[in-house]
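Given next are the chains, with one letter for each unit.
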Amino acid sequence: MSVLVCGGAGYIGSHTVAELLDRGEDPIIVDNLQKGHRGAVLCDKFMEGDIRDGEFMDRVFRENEIEAVIQFAADSLVGESVGDPLKYYNNNVVSTLCLLTKMKEYGVDKIVFSSTAATYGEPKNIPILETDPTCPTNPYGETKLAVEKALKWCSEAYGIKYTALRYFNAAGAHISGKIGEDHTPETHLIPIILQTALGQRECITIFGDDYDTKDGTCVRDYIHVTDLADAHVLALEKMRKDGKSNIYNLGNGAGFSVSEVVDIARQVTGVNIKAEYGERRPGDPAVLIATSEKAQRELGWKPKYNDLPTIINTAWEWHKNHPQGFGD
C-alpha cells in the first residue's frame, strides 16, 4: 500500500517524503511543479499533474494501491491571498474538494491535511490552543479553515478520517543537505535574510515596526521543516491505529520577532545583514505562537531541531551550497 503525497515536490512535502522513505513507507508524489521542483523529488514514483484534473487523478488512483493521502498542494502567501482571493479559493479549496471526491470514489479513507495557524486570525490567547476561536484575517487562512470544515463533514458522511495540522513558519533544510527551501519569488523571511547574507539581495525589508510587540515587529513561531514532516507521518500512523479524526497545533511555544530573527541570522552567518523597515503587509497578525502540547501528548511528537540558531544554520548550509536553489 502506498501513501499519496500531493505537493510532494514542494518544500514541506519533499521533506515529508524523506521521512516516509526513512520509515520504509512507499510514497507516491503528485505535483504540477507550479511551485515544486523536480530536483526535490526523492522517490521513483512521481506523477506530474494537477489534482483538479479528474482524468489525471483517475489514473493516479487506478495505477496505484493508495492507502492514505497527505495533502500539501496549495498556495500560501498571505499578501497575495488578500489581493487575489479567487486564486486561493480555487487552488486551496476547490483542489482539495476534487481530491476528496476521488478519495471517496476509490475508497481511500485517511488524509493528513497541511493547515495553518492563520486559521486563528488575531489570537485571543498566546500560545494558541486547538480549542481557541478561529477567525482568519486573510483569505489564505479562510481557505484552509474552509477545507478543515469540509474534512469534518466528509468524515461524518463518508468515513474519510482526517488529521489537520496547524502550523505557521516552517524553516530550515534537511540535515543531509539534499533538499531545502526554494521558492520563486522567495517570500519567506529566513531564506530572504540568507539571500541577503549571500549578496543576492541588497537588504531585508521588515514589514511594520509598530505592532504591539516587544520591538514593534511581528512575532512568529518557527519550526524546523523536518520536525513538521515527522508530525505528518506520526499523524498518519495514529489514524491507522485508532481511525479517529483530529486537529493539532505544531509549534515550539516560543516566538521570535522579525528583528530577533535577523539578529540571530547575523550571528549564524557572520555577516552584517542590512535591514530596513517598510509598511505593514495586509492581513498580518501581530503575534502567532502555537502550543504543541496536544501533539506531543497524543502523537508522541518530539521536535529534534527546536532552537532557532540550529534551524537557521541548517538553512544557511543549504543556501550556501545551493545559491540558485534546485536550479530548475
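Reference entry: report on the structure contained in this document.

The rules behind each value
- Residues numbered from 1 in each chain as written.
- Predicted model: local features only at pLDDT ≥ 70, side-chain atom pairs only at ≥ 80, totals over all residues.
- Heavy atoms only, no water.
- 1 Å grid on protein atoms, 1.4 Å probe; cavity = no way out; pocket = protein on both sides within 12 Å on 5 of 7 lines; lining within 4 Å.
- Points joined across faces, edges and corners; volume = space filled by probe spheres on them.
- Nonpolar A, V, L, I, M, F, W, Y, C, P; charged D, E, K, R; others polar.
- Pairing = 2+ DSSP bridges.
- Helix = DSSP H or I, 4+ residues; strand = E, 2+ residues; numbered from the N terminus.
- Salt bridge = Lys/Arg side-chain N within 4 Å of Asp/Glu carboxyl O.
- Buried < 20%, exposed > 50% of the residue type's maximum accessible area, 1.4 Å probe, protein only.
- Axes fitted to C-alpha atoms, helices over the stretch in contact; angles between N-to-C directions.

**A look at empty space enclosed by the protein**
Part 1: For the structure shown, the criterion picks out 1 cavity of 30 Å³ or more.
Part 2: Size it by volume and the largest cavity reaches roughly 30 Å³.
Part 3: In this structure, the largest cavity is lined by Ala-117, Ile-128, Phe-168, Asp-221, Leu-250, Leu-288, Ile-289 and Ala-290.
Part 4: Its residues placed into classes, the lining of the largest cavity shows 7 nonpolar, no polar and 1 charged.

**A word on the sheet that holds strand S9 (residues 219-220)**
Part 1: The mixed open sheet is built from 3 strands, whose spatial order is S12-S9-S14. Pairing within the sheet leaves two strands with one partner each, and these edge strands are strand S12 (256-257) and strand S14 (287-288).

**Considering the pattern of salt bridges**
Part 1: A full pass over the atoms with the stated rule returns 23 salt bridges.
Part 2: The closest approach of N and O atoms between Glu-25 and Arg-240, which form a salt bridge, is 2.7 Å. Linking Glu-25 in the loop between helix H1 (11-22) and strand S2 (27-31) with Arg-240 in helix H7 (residues 225-242), this pair joins segments that are 215 residues apart in sequence.
Part 3: What makes Arg-240 partly exposed here is its relative accessible area of 31%.

**So, the sheet that holds strand S5 (residues 110-114)**
Part 1: Strands sit in the order S3-S2-S1-S4-S5-S6-S11 across an open sheet of 7 strands; the sheet is parallel. For this open sheet the edge positions go to strand S3 (46-48) and strand S11 (246-249), each flanked by a neighbour on one side alone. Ignoring strand direction, the axes of neighbouring strands in this sheet form an average angle of 20°.
Part 2: As paired elements, strand S1 (residues 2-6) and strand S4 (residues 66-71) share 5 bridges and run parallel to each other. Within the sheet, the bridge partner assigned to Cys-6 lies in S4 and is Gln-71.

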